[in-house]
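An overview of the molecular structure
One-letter residues, chain by chain:
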Amino acid sequence: MPSSYAPLAATGTFALIAWVIAIPLAGAAILLLGGRRTNRFGHLLGCAASVGSFVLGAVLFFALLGKPGDQRSYDQHVYTWVPVPGFSADAGFHLDQLSIIFVLLITGVGSLIHIYSVGYMAHDEQRRKFFAYLNLFLAAMLVLVLADNYLLLYAGWEGVGLASYLLIGFWQHKPSAAVAAKKAFIVNRVGDVGLSLAVMLMYTTFGSFAFGPVFNGVSGAKTGTLTAIGLLLLLGACGKSAQFPLQSWLGDAMEGPTPVSALIHAATMVTAGVYLIVRSNAIFDAAPNARLVVTIVGAVTLMLGAIIGCAKDDIKKALAGSTMSQIGYMVLAAGLGPIGYVFAIMHLVTHGFFKAGLFLGAGSVMHGMNDDVNMRHYGALRKFMPWTYVTFGLGYLAIIGCPPFSGYWSKDKIIEAAFSQGGTSGWILGCTTLLGALITAFYMTRVMLMTFFGQKRWVADEQGHEPHPHESPWVMVVPMAVLAVGSVAAGALFSYHSAFVNWLEPVTGHSDGRLPFSDALLQVITLAVVALGVAYAWSLYGRQEVPAQAPAGAFATRAARRDLYGDAFNELVFMRTGQYLTRVLVYFDLKGVDGAVNGIAAGLGGSSGRLRRLQTGFVRSYALSMFGGATLLIAALLLVRG
Amino acid sequence: MNPANYLYLSAILFTLGALGVLIRRNAIVVFMCIELMLNAANLAFVTFARMRGALDGQIIAFFTMVVAAAEVVVGLAIIIMVFRTRRSASVDDANLLKY
């Protein structure tokens, strides 16, 4: 169990917490408000803000490192956000072992990607705006991970959603990008409703949004309420992290510029859901049913993403499928409880390195190939782009879990934790993770072989330009190289003397599970499974020539190309039903409500039009009617009296 | 003489007046028929006053005469104005005020 939540006041070095957020926020503000005047130095300012934030993050990290394990949790109260009697909402930040990992990941990978974007976006007229949005994203994401209460976390959560929307639709002149941005925003909204309901439920249950009262109040709350909060938090996590059933937006989000895909849709934002679950570990520990659902969602997405990744010919969409699948691993691990929290975060960090590296490599390949994303038009690029080949290759080895690269350390631990769960569910989850490792090895080998090996299958673009693949400029290569170093070394470094586990244990708690069989056997099986995936992919894409036109494919391939009909399902169940519902409502409105109102008016109008004809203008006819009327009146009077 | 005969005469005069109003087109004739109806009513009032030996009916007859005189002044003025503008005294021609 984690020690109870009792942070210290942030003084001295730790008073810098707010500045970590303020720097990129100021960068975004200057670039957005300064307008065209900042075009000349916008990219440099963006990079400087990001690096500055990273340096502060590193200072805070070393300051934490210098403290003993039970004094690594700090709260900084900035101001009272909503000063209303009977309701308290503060803007305050919380720094501990978990949030500092995220701060370093976000600002570190973020800085590398900022630098990479200087080269990647060099020819884009809107480059300054791009950096403004990237800085805005950094600020919002840092608010998300540093908030000391769920309301501020929610503000950051919405902020990253906005930044994601702006960046997916950055090339909004392309209709596909504009639609993808809208789709991401709307699907995220479904998840956000879940998170906001969870936050409200927390307030009614614990009387506060702040982490302290919530986590310390868990023991006094009903299990049913905690399960409800857990499931609503999971819904929020599903939206942001592209987990089943809200996974459909991530593939389309690849319409954004590649650095965005690397930073937001691979390394940081999409992992916010995992952060949310791990941060709320106190709630999930007390709600085993919610945790079970978390593992199921993780396992389903893990398989779903992997299968989709196998069939995509678009290099970025294949990597997006892979991201979905890897986050599935993290969510599954987080759902395992104290056995898995630490490894969820560890895999999150190593994944941040190698997946960002892979995406930057994909961006570098696209840069050299006239922005063609179809892997069937690649081939033999290893001779032309050696640096990209090497860095992508190292990321590849890391993601398939080849020892001693970083993915091996983190993924292996998740597989181990899944089997340690025990019972039938342990076996099911363990076998799912193993199968996921097999498919991961298959699809990543496929990407690798189709891109860098085989024969040239290059085609000219629409304007007739033949591609001339060339190595990208150093400003793009260096970040890729740094991330490749991370993909190689991070796992081993984290696992050295269980450094990562010891670091996070005070926040998340940790318990070692017990494997139903020997550890060595599992290692052998995992490696065998990975080797099998690699070999099968080689037999399909290495030994045989890859056709430049996609073959029709079996039913499963066609289904996977269409994201396993996720979009078709959404369209059929939600969009069409919604359309029919609105159509019925419109019909009711037009025929029912409007019909009644218009009918009464038309009836009155029509009858008065007819009655009007009585006014002929002939005095004598009026006289006759008066005479007749008088006669009738008198007759009636006589009758009544009679 | 039996006073009921005056009432019969009054009824006959009133009927003649009413028929004249309904049938004739000339505004002057219609006007005179209205006077005829008013005076038929006056005759009935006076007869009833005589039959009952009370003065009420006779007083009302005076009122009627005053009202009729005023009405003649206004009515004749309108008829003359209409005749001047439309060159016709027919009540059917003056039918602009309609639907």
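The name that an unreviewed UniProt entry assigns to chain B is NADH-quinone oxidoreductase subunit K, with the source organism given as Actinospica durhamensis. The Subunit (unreviewed entry) field of the UniProt record for chain B holds the comment "NDH-1 is composed of 14 different subunits. Subunits NuoA, H, J, K, L, M, N constitute the membrane sector of the complex." In the Sequence similarities (unreviewed entry) part of its UniProt record, chain B is described as follows: "Belongs to the complex I subunit 4L family."

Naming follows an unreviewed UniProt entry, where chain A appears as NADH-quinone oxidoreductase subunit L of Actinospica durhamensis.

Quick look at helix α21 (residues 519–542) of chain A now. All names here are of chain A. Taking 1.5 Å per residue as the helical rise, α21 with its 24 residues ought to reach 34 Å, and the 33 Å between its terminal C-alpha atoms agrees with that figure. All of the buried residues in α21 are Leu 522, Thr 526, Val 529, Val 530, Gly 533, Ala 537, Ser 539 and Tyr 541. On its buried face, α21 sits against α16 (386–400), α17 (406–420) and α18 (423–452).

Time to look at the UniProt feature "transmembrane region" (unreviewed entry) in chain B. With numbering aligned to this structure, UniProt lists the feature "transmembrane region" (unreviewed entry) at residues 6–23, 28–48 and 60–83 of chain B. Taken end to end, residues 60–83 of chain B comprises 100% helix and 0% strand; its first and last C-alpha atoms sit 33 Å apart.

To continue, consider the side chain of Ser 117 of chain A. All names here are of chain A. Tracing the chain through its elements places Ser 117 in helix α3 (residues 97–120). Taking relative accessible area as the criterion, Ser 117 reaches 0% and is therefore assigned buried. Not counting chain neighbours up to four residues away, the residues in contact with Ser 117 comprise Ala 122, Phe 130, Phe 131, Leu 134 and Pro 259.

Residue and element names in this part refer to chain A. Tallying each qualifying case throughout the model produces 14 salt bridges over all chains. Glu 158 is the salt-bridge partner of Arg 189, the closest N and O atoms lying 2.5 Å from each other. Here Arg 189 is found in helix α6 (residues 175–206), whereas its partner Glu 158 is found in helix α5 (residues 150–168), with 31 residues between them in sequence. The shortest N-O distance in the salt bridge between Lys 312 and Asp 563 comes to 2.9 Å. You can see Lys 312 sitting in the loop between α13 (288–311) and α14 (315–335) and its partner Asp 563 sitting in the loop between α22 (555–561) and α23 (566–612), a full 251 residues away along the chain. As far as burial versus exposure is concerned, Lys 312 and Asp 563 are alike and both buried. In the salt-bridge network here, residues are joined through shared partners; they are Glu 158, Arg 189 and Asp 192.

Attention now moves to the interface of chain B and chain A. Tallying the contact residues gives 14 residues for chain B and 11 residues for chain A. Buried surface at the junction of chain B and chain A, summed over both partners, amounts to about 1,100 Å²; 63% is from carbon and sulfur atoms. The three residues of chain B that bury the most area against chain A are Leu 22, Asp 92 and Tyr 99 of chain B, which together make up 54% of that side's buried surface. At the surface where chain B touches chain A, the tally comes to 1 salt bridge. A salt bridge links Arg 620 of chain A to Asp 92 of chain B, with the shortest nitrogen-to-oxygen separation between them at 2.6 Å. Counting across the interface, chain B meets chain A through 3 residue pairs in polar contact (both at pLDDT 80 or more).

All names here are of chain A. Relative to strand β2 (residues 74–84), strand β1 (residues 8–9) runs parallel, the two sharing 2 bridges. The residue bridging Ala 9 from the neighbouring strand is Asp 75, located in β2. Bridging between β2 and strand β3 (residues 87–95) involves 9 bridges; their strand directions are antiparallel. Looking at β3, one finds that Val 84 is bridged to Phe 87. What sits between β2 and β3 in their antiparallel hairpin is a turn of 2 residues, with Gly 86 showing a positive phi close to 80°.

Here we come to the side chain of Gln 97 of chain A. Residues and elements named next belong to chain A. Structurally, the position occupied by Gln 97 is in helix α3. When its relative accessible area of 2% is taken as the criterion, Gln 97 is described as buried. Apart from residues no more than four positions distant in its own chain, Gln 97 is found in contact with Gly 69, Arg 72, Trp 503, Leu 504, Pro 506 and Val 507.

Turning our eyes to something else, we now look at the nonpolar core. Of all hydrophobic cores here, the largest spans 189 residues; its most connected members are Tyr 150, Leu 153 and Ile 345 of chain A. In terms of residue count, the dominant contributor to this core is helix α15 (residues 341–368) of chain A (16 residues). Ignoring sequence-local partners within four residues, the contact set of Tyr 150 of chain A consists of Val 199, Met 202, Phe 209, Phe 211, Val 214, Phe 215, Leu 276, Ser 280 and Ile 283 of chain A. Listed in part, the 7 residues of the second largest apolar core include Ala 623 of chain A together with Ala 18, Val 21 and Cys 33 of chain B.

To continue, consider the packing of aromatic side chains. All names here are of chain A. Counting across every chain of the model gives 28 aromatic pairs over all chains. When the ring of Phe 87 is compared with that of Tyr 203, the centres are 5.2 Å apart and the planes differ by 45°; the resulting orientation is tilted. Note that Phe 87 is positioned in strand β3 and Tyr 203 in helix α6, a separation of 116 residues in sequence. According to the relative accessible area criterion, Phe 87 is partly exposed, its value standing at 27%. Arranged with centres 5.0 Å apart and planes meeting at 75°, the rings of Tyr 150 and Phe 211 form a pair that is edge-to-face. Residue Tyr 150 is found in helix α5, and its partner Phe 211 is found in helix α7 (residues 211–217); the two are separated by 61 residues along the sequence. Like Tyr 150, the residue Phe 211 is buried in the burial classification. Grouping aromatic residues by their ring pairs yields a cluster made of Phe 130, Phe 131, Tyr 133 and Phe 170. Positioned above the aromatic ring of Trp 458 is the side chain of Lys 456, whose terminal nitrogen or guanidinium carbon lies 5.0 Å from the ring centre.

Cut-offs applied
- Residues numbered from 1 in each chain as written.
- Chains lettered and ligands numbered in written order.
- Predicted model: local features only at pLDDT ≥ 70, side-chain atom pairs only at ≥ 80, totals over all residues.
- Heavy atoms only, no water.
- UniProt positions renumbered as here; feature names shortened; annotations may be inferred.
- Helix = DSSP H or I, 4+ residues; strand = E, 2+ residues; numbered from the N terminus.
- Expected span 1.5 Å × (residues − 1).
- Buried < 20%, exposed > 50% of the residue type's maximum accessible area, 1.4 Å probe, protein only.
- Contact = heavy atoms within 4.5 Å.
- Salt bridge = Lys/Arg side-chain N within 4 Å of Asp/Glu carboxyl O.
- Buried area = accessible area lost by both parts, 1.4 Å probe.
- Polar contact = N/O pair within 3.5 Å; in protein donor to acceptor, adjacent residues only side chain to side chain.
- Pairing = 2+ DSSP bridges.
- Core = buried A, V, L, I, M, F, W, Y, C linked by side-chain atoms within 4.5 Å.
- Phe/Tyr/Trp six-rings, centres within 6.5 Å; stacked < 30°, edge-to-face > 60°.
- Lys NZ or Arg CZ within 6 Å of the ring centre and 35° of its normal.

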